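# Topology and contacts: notes
One-letter residues, chain by chain:
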Amino acid sequence: MMKRKLLLAAVMLPAAILAADEPRVIPLWPEGAPGFESRRNEPELARDYWVRNIHNPSLTVFLPPAEKATGTAVVVCPGGGHRELVFNAEGVEPARYLTNLGVAAFVLKYRLGRETNSPYTIQKHAREDGQRAMRLVRSRAKEWNLAPSRIGIMGFSAGGEVVSMVAYGPAQGDPGASDPIDRLSCRPDFLIMIYPGPLGVPDAVPADAPPAFFLAANDDRGPARTLSGLLQKYRDAGVPAELHLFAHGGHGFNMGTRSKLATLKSWPQRLADWMNDNHLLELPAPL
């Protein structure tokens, strides 16, 4: 009997450790998205690399080890054409890379305006999810040991459009909101766009726009054009921005790990260098 109990414990222990390591998932709204509360319990559909059928938008939380934590945080918006989310390659993988740098990462599952029979629109619901994600992270900065002035947003492809809508749209909170989270600003302190789409890009960048890191391949014509134009708008506004435009690579190279091109395999280091140069990877001063 004792041997059986020991064997059972040995089998269950790895599963318990794995469960403990599972990242925490936090809904953006505890009772469901406004106007769609009745759909919050509908299950998501996940296959291979993608997630669909998102009716209860959420953040998946990845926190760095306490000894490495810099206090910087990034909300990560995966791409997928607003039809699905490339959740692992453009959500979980960049989040784990960031936590290795000491940066807290929060992967956003936003509602999909182009999914078949979707009741959502990109300009309203994906934008609302991005804004709420920024406000939610900022509202819990103390709990997660974050610097409230070092909370940025990152987006791949369609996720880059969510970044634009959040970064360049109205950011102030509603001081009269019953939910204290909605009273906070959703303005990111910095932004990262990886081969983004064109939606949400303004005609002119305001002088108080967040500093930005842009990256794409030149043979990915749409995003290359979007970022080249956006860089000029940043220059006109006098706001710092950095653009990496690689000769080859196409669209959807994710974090570069599956590419045969050396430039793409190492592109995340360009991001780490930029974050370091902008003092986003500095450890907080001891109390």
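Above this text you will find the structure in question.
Residues numbered from 1 in each chain as written. Predicted model: local features only at pLDDT ≥ 70, side-chain atom pairs only at ≥ 80, totals over all residues. Heavy atoms only, no water.

## As for helix α2 (residues 88-100)
- Every buried residue of α2 is listed here: A89, E90, G91, V92, P94, A95, L98 and T99.
- Looking at the buried side of α2, the elements it contacts are β4 (58-62), β5 (73-77), β6 (104-109), β7 (151-156) and α7 (267-277).
- Directly beyond the C-terminal end of α2, a positive phi value near 95 degrees is found at G102. (Buried < 20%, exposed > 50% of the residue type's maximum accessible area, 1.4 Å probe, protein only. Helix = DSSP H or I, 4+ residues; strand = E, 2+ residues; numbered from the N terminus. Contact = heavy atoms within 4.5 Å.)

## Quick word on the pairing of β5
- Among the five residues in β5, five count as buried, and that is most of the element.
- With burial as the criterion, each face of β5 is covered, one bearing A73, V75 and C77 and the other bearing V74 and V76.
- Taken together, β5, α2 and β6 constitute a β-α-β crossover, and its handedness is right-handed.
- Of the strand pairs in this sheet, β5 and β7 are connected by five bridges, and their pairing is parallel. In the strand pairing of β7, C77 is matched with G155. (Right-handed = clockwise from strand over helix to strand, strands pointing away. Pairing = 2+ DSSP bridges.)

## As for unusual backbone geometry
- One non-glycine residue, D48, lies in the positive phi region at around 50 degrees.
- By the element assignment, D48 lies in the loop between β2 (45-47) and β3 (50-52).
- Overall, the relative accessible area of 74% leaves D48 in the exposed class.
- Residues other than glycine seldom take positive phi values, yet Y195 does so here, at roughly 35 degrees.
- Among the structural elements, Y195 can be located in the loop between β8 (191-194) and β9 (212-217).

## As for the packing of aromatic side chains
- Scanning all chains against the criterion turns up nine aromatic pairs.
- Judged by centre distance (4.9 Å) and plane angle (75 degrees), the ring pair of Y195 and F253 falls under edge-to-face. With Y195 in the loop between β8 and β9 and F253 in the loop between β10 (241-246) and α6 (262-265), this residue pair connects regions lying 58 residues apart in the sequence. Accessibility assignment for this pair places Y195 and F253 in one class, buried.
- These aromatic residues form a ring-pair network of at least three members: F156, Y195, F253 and W267.
- The positively charged end of R52 is found above the aromatic ring belonging to W50, 3.7 Å away from the centroid.
- In this arrangement the basic side chain of K109 is found over the ring face of F87, its NZ or CZ atom lying 4.7 Å from the centre. (Phe/Tyr/Trp six-rings, centres within 6.5 Å; stacked < 30°, edge-to-face > 60°. Lys NZ or Arg CZ within 6 Å of the ring centre and 35° of its normal.)

## Some details on the pairing of β7
- The buried fraction of β7 is high, at six of six residues.
- Both β7 and β8 contribute to a ladder of four bridges, which runs parallel. What sits directly across from I153, in β8, is L191.
- Considered for its hand, the β-α-β crossover made up of β7, helix α4 (residues 158-167) and β8 is right-handed.

## Looking at the pattern of salt bridges
- Counting across every chain of the model gives 15 salt bridges.
- R40 is the salt-bridge partner of E31, the closest N and O atoms lying 3.8 Å from each other.
- Residue E31 is classed as exposed on the basis of its relative accessible area of 52%.
- One salt bridge connects D273 with R270, and the closest N-O pair in it is separated by 3.5 Å. Of this pair, D273 and R270 both sit in helix α7, three residues apart, which is roughly one turn of the helix. (Salt bridge = Lys/Arg side-chain N within 4 Å of Asp/Glu carboxyl O.)

## Re α4
- Burial analysis of α4 places 10 of its 10 residues in the buried class, which makes it a mostly covered element.
- Residues of α4 that are buried include every one of A158, G159, G160, E161, V162, V163, S164, M165, V166 and A167, and no others.
- Against β5, α3 (122-139), β7 and β8 lie the buried residues of α4.

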